[in-house]
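Listed below, chain by chain, are the residues.
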Amino acid sequence: MPFSKPIRIGWYIVSDWLFSLLSWVLFYELRRYYLYNQFDVWEAFSEEPFWLGVFIIPIFWLMLFAAAGSYRSNLYEKSRLSEMTTTATQSLIGVVVVFFVFLIDDISGPFDLSYYYKAFAWLYVTHFFLVFLGRLLLLNKVKNQLWQGKAGFNLLMVGTPAELKKAWSQLQPIQYRVGWHVKGSIPTTTPANNGFPKPIGDISEISNVLAQYDIEKVLLAFPPAETDLRQQIIAK
C-alpha cells in the first residue's frame, strides 16, 4: 500500500500558533468581563493591550515550545499521552511568564487576590485546552494513518537468524499499527528456512542497503553475547 502524504511538523507549529492566538482572545474577553463586568468584542479590538498580546504572545509560545523541543521529532513518533503531559507542563511555565509580564498590573485600585487566582486559572485552562486540542486533532490523524498502513517508517532487521525469528514473530502482527514497514532483513548467516523477512543483503553491504531501500529505522536482533558485532553494526 502506498504511503499517504505525510503530515509535516510545520502543521504542528501552525496549530500551536493559531490556538495560542485563540486562547489569548478568549482569555482577554474573560478578563474584561471580570474587570468591567461586560462582554464587548469590538471594544476589546480598540485596546492596545489586546493587539500587543495578539502579535507577541503567540510568538512567545512558539519560542517556548521550540526551546522545549516540541518541534524536534516528527509527528509520527509522538505519543498523545506524552504530548498531553508535555503541553500541560509547558503551558504552566508559559502562563507564569505571561501572567507576570502582562497581567500583574491589572488591578490599579484595592488589591484583589481572588482576581489574580482566577486570571491565572483562566489563562492556563484556556491555553492548555485549546493548544492540546489542536495537537490532538493532528496526532489522531497521524495515528489513523499508521493504523491503516498509510504512513510509517521503512525498517530493516539485522541480527542472528534465531534472534531475527523471535523478533519477527513479535513484530509481524503489529508492524503496521506501530508504523514500521519491514523492507527485509540482513542475517549474519542465511539458513535454508529462515522464518523472518527476506534477506536483502549482507553485513558488509549494510550502508548500500540503507540507501537503496530508503531505510529510516534499523532493528538489531542479537543475543546478549554478541555485543561486539552489535557495536560494529551501529558504527556503520
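Provided above is the structure to which this section pertains.
So, here's what we can say about the structure. (Residues numbered from 1 in each chain as written. Predicted model: local features only at pLDDT ≥ 70, side-chain atom pairs only at ≥ 80, totals over all residues. Heavy atoms only, no water.)

Thoughts on the overall build of the protein
- Each helix and strand in the protein was counted, giving eight helices and three strands.
- Helices and strands appear in the protein in the N-to-C order α-α-α-α-α-β-α-β-α-β-α.
- Taken over 236 residues, the protein has a buried fraction of 41%.
- Pairs at least 24 apart in sequence give 75% of the contacts found in the protein among residues at least 6 apart.
- Looking at the protein as shown, the accessible area adds up to about 13,300 Å², and 62% of this sits on carbon and sulfur atoms. (Helix = DSSP H or I, 4+ residues; strand = E, 2+ residues; numbered from the N terminus. Buried < 20%, exposed > 50% of the residue type's maximum accessible area, 1.4 Å probe, protein only. Contact = heavy atoms within 4.5 Å. Areas by Shrake-Rupley, 256 points an atom, 1.4 Å probe, with all protein chains shown as cover.)

Notes on the pattern of salt bridges
- Counted by the stated rule, this structure contains five salt bridges.
- Close ionic contact of Asp-16 with Arg-135 constitutes a salt bridge, the shortest N to O distance being 2.9 Å. Residue Asp-16 is located in helix H1 (residues 9-36), and its partner Arg-135 is located in helix H5 (residues 113-147); the two are separated by 119 residues in the primary sequence. For the pair shown, Asp-16 and Arg-135 are each scored as buried.
- Linking Glu-163 and Lys-166 is a salt bridge whose minimum nitrogen-to-oxygen distance equals 3.6 Å. (Salt bridge = Lys/Arg side-chain N within 4 Å of Asp/Glu carboxyl O.)

Description of unusual backbone geometry
- At Asp-214, a position not held by glycine, the phi torsion is positive, near 55 degrees.
- Examined against the element boundaries, Asp-214 turns out to sit in the loop between helix H7 (206-212) and strand S3 (217-221).

Focus on the environment of Pro-199
- Inspection of the secondary structure puts Pro-199 in the loop between strand S2 (180-187) and H7.
- The partly exposed category is assigned to Pro-199, whose relative accessible area is 30%.
- The spacing of Pro-199 and Pro-187 is twelve residues in sequence and 6.8 Å in space, taken between C-alpha atoms.

Describing the packing of helix H3 (residues 48-67) against helix H4 (residues 80-103)
- Running from amino to carboxyl end, H3 crosses H4 at an angle of 145 degrees, the nearest separation of the two axes being 11 Å. With respect to the hand of their crossing, H3 and H4 are arranged in right-handed fashion. Contact residues: Leu-52, Ile-56, Ile-57, Phe-60, Trp-61, Leu-64 and Phe-65 in H3; Gln-90, Ser-91, Ile-93, Gly-94, Val-95, Val-97, Val-98 and Phe-102 in H4.
- Of the residues contributing to the contact of H3 with H4, the split by class is twelve nonpolar, three polar and no charged. (Axes fitted to C-alpha atoms, helices over the stretch in contact; angles between N-to-C directions. Left-handed = near helix turned anticlockwise from the far one by under 90°. Nonpolar A, V, L, I, M, F, W, Y, C, P; charged D, E, K, R; others polar.)

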